[in-house]
Amino acid sequence: GIDLPGESGGILIGSRYVKRVDLARIGFGQSVAVTPIQLVMACNAAINGGKLMKPYIVAEVRDEFGQTLQRFTPKVVATPIRPETSETLRGLLEAVVSEGGGKNAQVDGFRIGGKTGTADKANTKTANNPKGDVVVSFLCFAPADDPQIQAAVALLLGA
């Protein structure tokens, strides 16, 4: 539902095909594929009090004189988690940057939260690339106690 052409959905195993082993994998992100927009939406819901927002790319459209022709406003589409849970998650994600694997994202004077990610790209193992391709990612936001900005970075590493 975003205002860009070519939007695609994520990839999930159909519920009737999920096996017990899939439930374990899905819990830590395997057997699931999402678009960057979907990943940012999920992170936003986790850090903004539990509100899942409809994403939009353009805030407003102006004419050549600077007059606003159309304005787009944020819309809550669901509340998947409680505000208390969101607050806890913000603290945990801040610890990823202050104490954990996201230490390189620290910036003096700013409280930053973030989450590292690694995903094996399916069906990419070859003789020249025996480990296969990997997508590494980092989502971060600031300030950690009142998020105003978010960034997402993903890199494909492989052959």
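Residues numbered from 1 in each chain as written. Predicted model: local features only at pLDDT ≥ 70, side-chain atom pairs only at ≥ 80, totals over all residues. Heavy atoms only, no water.

A. Representation of the sheet that holds strand β7 (residues 113-120). Ordered by their spatial adjacency, 3 strands build an open sheet running β7-β8-β9, and the pairing between neighbours is antiparallel. Every other strand in the sheet has two partners, leaving β7 and β9 (149-157) as the edge strands with one partner each. Recorded for the sheet is a direction-independent mean angle of 10 degrees between the axes of neighbouring strands. Where β7 and strand β8 (residues 134-142) come together, 8 bridges link them in antiparallel fashion. Across the sheet, the residue bridging to G117 is S137, located in β8. The strands touched by helix α3 (residues 83-98) are β7 and β8; relative to β7, the strand with the most contacts, the crossing angle is about 75 degrees. (Pairing = 2+ DSSP bridges. Helix = DSSP H or I, 4+ residues; strand = E, 2+ residues; numbered from the N terminus. Axes fitted to C-alpha atoms, helices over the stretch in contact; angles between N-to-C directions. Contact = heavy atoms within 4.5 Å.)

B. Main features of the layout of surface pockets. A volume near 1,600 Å³ is recorded for the largest pocket. If you trace the largest pocket, you find 43 residues lining it, with G29, V32, V34, L39 and A119 closest to the centre. Within the residue set of the lining of the largest pocket, elements represented by two or more residues are α1 (20-27), β2 (32-33), α2 (36-47), α3, β7, β8 and β9. It is α2 that provides the largest number of residues to the lining of the largest pocket, a total of 7 residues. Roughly 280 Å³ of volume is contained in the second largest pocket. (1 Å grid on protein atoms, 1.4 Å probe; cavity = no way out; pocket = protein on both sides within 12 Å on 5 of 7 lines; lining within 4 Å. Points joined across faces, edges and corners; volume = space filled by probe spheres on them.)

C. Spatial organisation of the pairing of β8. As judged from the 9 bridges shared by β8 and β9, these two strands associate in the antiparallel manner. When the bridges of β9 are listed, V136 appears paired with L155. Linking β8 back to β9 in an antiparallel pair, the connection comprises 6 residues.

D. View of the pattern of salt bridges. Scanning the model with the defined rule gives 6 salt bridges in all. Linking R71 and E60 is a salt bridge whose minimum nitrogen-to-oxygen distance equals 3.0 Å. One end of the pair, R71, is in strand β5 (residues 68-71); the other, E60, is in strand β4 (residues 60-62), and 11 residues separate them in sequence. (Salt bridge = Lys/Arg side-chain N within 4 Å of Asp/Glu carboxyl O.)

E. Region of the structure containing the environment of G117. Note that G117 resides in strand β7. Taking the C-alpha atoms as reference points, G117 and E99, 18 residues apart in sequence, are found 16 Å from one another. Once you skip the residues sitting within four places of it in the chain, G117 turns out to touch V135, V136 and S137.

F. Structural context of α2. In a regular helix each residue adds 1.5 Å, so 12 residues correspond to 16 Å; α2 covers 17 Å between its end C-alpha atoms and thus fits that length. Within α2, the full set of buried residues consists of M41, C43, A45, A46 and I47. Elements that come into contact with the buried residues of α2 comprise β3 (52-53), α3, β8 and β9. Within two residues after α2, G49 carries a phi angle of roughly 90 degrees, on the positive side. (Expected span 1.5 Å × (residues − 1). Buried < 20%, exposed > 50% of the residue type's maximum accessible area, 1.4 Å probe, protein only.)

G. Region of interest: the nonpolar core. C43, I47, L93, L139, F141 and A144 form the largest nonpolar core, which has 6 residues in total. Counting residues per element, the ones that place at least two in this core are α2 and β8. Residues within four places of A144 in sequence aside, it is in contact with R90, E94, R111, I112 and G113. Core analysis: the second largest hydrophobic core is formed by 5 residues, V97, A105, I112 and A142 among them. (Core = buried A, V, L, I, M, F, W, Y, C linked by side-chain atoms within 4.5 Å.)

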